[in-house]
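Tertiary structure, described
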Amino acid sequence: MGIGQDALMLHMDGYNCAQAVLASAGKLTGLDEAEALAIAAGFGGGLRCGEVCGAVSGAVMALGKCFPYNDSSDIEAKAKIAELARDFCAEFKARFGGLRCEDIVGDRSHCNEYICAAAELLEKTIKENRKAYLEIENDNEGPREIEPEQIKINLNGRTIEEDSNTRGRKKF
């Protein structure tokens, strides 16, 4: 089952659209379900006031987790997340005619469609842009995707390992 279906199941269980999208992306973000549900709780229904669709908000939160901008001097990271968020929103808007919950939802009969589409677009966006999660094999097999907990990244001469079990980074 893809994350679109996972998101639908969470929504059918009673979670809001933002919670469903963010929590369904746990394997991609490293967030555990309870944490994701708590973070996104106030974002459903367009921030509970009809503004930006919660499915979009949940997806952009997941993008931020996967492509963090948390060092003010890292202008590349700032540009990357800005580009990904802008592109995600543009694609969602082109497909559904808007981003505001109030403008696109109507009687809420289409929410499941928006949730599934946002989760699937999120998964596609992360997989296409997460170059750090590719490992090049020397045996001519080419690139292959590896699990996040296996990744080691070299940043400015420091090697770090992302450990999804502790949801943190360990320097070694």
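Residues numbered from 1 in each chain as written. Predicted model: local features only at pLDDT ≥ 70, side-chain atom pairs only at ≥ 80, totals over all residues. Heavy atoms only, no water.

Of all residues in the protein, 76% attain a pLDDT of 70 or more, and the chain-wide mean is 82. In the model, residues 132–140 has pLDDT below 50 throughout and makes 19 contacts with residues more than four positions away in sequence or in other chains. For the stretch residues 149–172, pLDDT sits under 50, and the model shows 42 contacts to residues farther than four places along the chain or on other chains. (pLDDT = per-residue confidence, 0-100. Contact = heavy atoms within 4.5 Å.)

The next thing to look at is helix H1 (residues 3–12). Those residues of H1 not exposed but buried are Ile-3, Gly-4, Ala-7, Leu-8 and Leu-10. Buried residues of H1 fall within an arc of 160° about the axis and therefore sit on the same side. On the buried face of H1, the contacting elements are helix H2 (17–24), helix H3 (26–29), helix H4 (33–40) and helix H9 (111–129). (Buried < 20%, exposed > 50% of the residue type's maximum accessible area, 1.4 Å probe, protein only. Helix = DSSP H or I, 4+ residues; strand = E, 2+ residues; numbered from the N terminus. Arc of directions from axis to C-beta.)

Our focus in this paragraph is unusual backbone geometry. The phi dihedral of Leu-47 falls on the positive side, at around 60°, and the residue is not glycine. Tracing the backbone through its elements, the reader meets Leu-47 in helix H5 (residues 44–50).

Tracing the chain through its elements places Gln-19 in helix H2. For Gln-19, a relative accessible area of 10% translates into the label buried.

Structurally, the position occupied by Tyr-114 is in helix H9. Tyr-114 gets classed as buried once you look at its relative accessible area, which sits at 6%. In this structure the C-alpha to C-alpha distance between Tyr-114 and Phe-96, which are 18 residues apart in sequence, comes to 8.0 Å. When residues no more than four places from it in sequence are discounted, the contact partners of Tyr-114 are Ala-55, Phe-92, Phe-96, Ile-104 and Val-105. In this structure the side chain of Tyr-114 is engaged in a polar contact, spanning 2.7 Å, whose partner is the backbone oxygen of Ile-104. (Polar contact = N/O pair within 3.5 Å; in protein donor to acceptor, adjacent residues only side chain to side chain.)

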